[in-house]
Amino acid sequence: MIAKIGIITTSDRASSGVYEDLSGKAIIDTLNSYLKTPWEPVYRCIRDDKKTIEDTLINLIDNEKCSLVVTTGGTGPALRDVTPEATEAVCDRMMPGFGELMRSVSLQYVPTAILSRQTAGLRGSSLIVNLPGKPKSIKECLDAVFPAIPYCIDIMEGPYLETDEEVIKVFRPKK
């Protein structure tokens with residue numbers, strides 16, 4: 001069975017073709033380097049609009065059956081940055097540790113990481129993780145939180161995600 005992973009870039013300019021979406025590509029490239037399990041990206045590049053983000057998250061989880069959805073963009077303090085609010089609106093439960101860890105890691109590189117509002121949450125048996133918008137920050141944040149993601153998906157009875165341990169080590173309790 002092929003795991004489906006949703007990738008959402010929230011950007012008014014990228015979604016209207018003003019510039020290329022490098023952030024969504026960075027997520028796909030990073031996950032390709034991590035995962036040995038066959039997987040299919042279900043990619044969307046959408047505008048920074050709360051209702052559009054909510055509808056896209058719901059569609060990827062409820063209809064496309066993605067066990068993991070990773071977003072990029074819309075996590076800062078700008079008025080149009082509403083990805084965390086959209087995520088919270090569609091989630092049953094929040095997973096604040098993801099955002100805490102990502103900010104902690106990012107603070108090692110830039111003092112403005114404190115302005116980032118990344119979060120994560122659960123909708124049904126799927127995990128949503130909000131990442132920052134810059135490709136370099138995406139890799140740093142995914143490197144920090146991904147070791148917990150496959151086990152989280154295991155607990156929710158999602159697909160078994162096997163990783164290349166030479167690239168990233170994940171944690172699963174010993175049986």
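That block above? That's the structure.
Just so you know, these numbers come straight off a predicted model, no measurement behind them.

(A) Region of interest: the environment of T75. Mapped onto the elements of the fold, T75 is located in the loop between strand 3 (68–72) and helix 4 (83–90). Using a relative accessible area of 5% as the deciding quantity, one classes T75 as buried. Once residues lying within four places of it in the same chain are set aside, the contact partners of T75 are D81, P84, L115, S116, R117, Q118, N130, L131 and P132.

(B) Here's a closer look at helix 4. Among all positions of helix 4, only T83, P84, A86, T87 and V90 are buried. All buried residues of helix 4 fall inside an arc of 160° around its axis, so they share one side. On its buried face, helix 4 is in contact with strand 1 (3–10), helix 3 (50–63), strand 3, strand 4 (93–94), strand 5 (120–123) and strand 6 (126–131).

(C) Layout of the pattern of salt bridges. Tallying each qualifying case throughout the model produces 14 salt bridges. A salt bridge links K36 to E162, with the nearest nitrogen and oxygen atoms 3.8 Å apart. A residue pair is termed long-range when its members are at least 10 positions apart, and K36 in the loop between helix 2 (22–34) and strand 2 (39–46) and E162 in the segment after helix 7 (149–155) qualify at 126 residues. We classify K36 as exposed; its relative accessible area is 53%. The shortest N-O distance in the salt bridge between E54 and K50 comes to 2.6 Å. Of this pair, E54 and K50 both sit in helix 3, separated by four residues, roughly a single helical turn.

Quick notes on the rules
- Residues numbered from 1 in each chain as written.
- Predicted model: local features only at pLDDT ≥ 70, side-chain atom pairs only at ≥ 80, totals over all residues.
- Heavy atoms only, no water.
- Helix = DSSP H or I, 4+ residues; strand = E, 2+ residues; numbered from the N terminus.
- Buried < 20%, exposed > 50% of the residue type's maximum accessible area, 1.4 Å probe, protein only.
- Contact = heavy atoms within 4.5 Å.
- Arc of directions from axis to C-beta.
- Salt bridge = Lys/Arg side-chain N within 4 Å of Asp/Glu carboxyl O.

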